[in-house]
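Structural overview
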Amino acid sequence: MTVTLHVCITCRAGQTLGEGETTPGKRLHGAILEAGVPEGINVVPVECLSACSQGCSVALSAPGRWSYVYGRLSDANALDVVAGAAAYAAAPDGIVPWRSRPEIFRKQSLARIPPLTVIPEAAE
């Protein structure tokens, strides 16, 4: 099963950027790709995760699993993000035991979202 790691590339992390400067979110995205992502994890750049006041953010999701949003990240956290994504991919339900998570995933979680379920249509 493929896990999706969404990385907000428009994030400015509260910084005022000069003309042509790379956003902290794009730097995080690049650092994650440079760190090397394990097979089965699809890294997807996104325009906004609406966590603007929380620094750079990422979201992990997969069908039938809990989803997570993490914030207050920078390109210096790329290896921990990759390790956390790998642990998430290895967990059948997306719930990684607390002590098995990288520290940034224990302390910088912004949201935990239950798996989406399909509701059958009501009979008419």
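In this text the structure is predicted, and so the values were computed from the model without any measurement.

A word on the packing of helix 1 (residues 24–35) against helix 2 (residues 78–90). Helices that pack against each other are described as a pair by the angle of their axes relative to one another and the distance between those axes. Here helix 1 crosses helix 2 at 65°, and the two axes come no closer than 8 Å. Helix 2 is crossed by helix 1, and the crossing has right-handed handedness. Contacts between helix 1 and helix 2 involve Ala 31, Ile 32 and Ala 35 from the former and Ala 78, Leu 79, Val 81 and Val 82 from the latter.

For the rest of this paragraph, the subject is empty space enclosed by the protein. Here the structure, examined in full by the defined rule, presents one cavity of 30 Å³ or more. Volume-wise, the largest cavity comes out at about 50 Å³. Surrounding the largest cavity, Tyr 68, Tyr 70, Gly 84, Ala 87, Tyr 88, Gly 94, Val 96, Arg 101, Pro 102 and Phe 105 form its lining. Of all the elements in the fold, those that place two or more residues in the lining of the largest cavity are strand 4 (67–73) and helix 2. For the lining of the largest cavity, the class distribution of residues is seven nonpolar, two polar and one charged.

Reading the values: rules and limits
Residues numbered from 1 in each chain as written. Predicted model: local features only at pLDDT ≥ 70, side-chain atom pairs only at ≥ 80, totals over all residues. Heavy atoms only, no water. Axes fitted to C-alpha atoms, helices over the stretch in contact; angles between N-to-C directions. Helix = DSSP H or I, 4+ residues; strand = E, 2+ residues; numbered from the N terminus. Left-handed = near helix turned anticlockwise from the far one by under 90°. Contact = heavy atoms within 4.5 Å. 1 Å grid on protein atoms, 1.4 Å probe; cavity = no way out; pocket = protein on both sides within 12 Å on 5 of 7 lines; lining within 4 Å. Points joined across faces, edges and corners; volume = space filled by probe spheres on them. Nonpolar A, V, L, I, M, F, W, Y, C, P; charged D, E, K, R; others polar.

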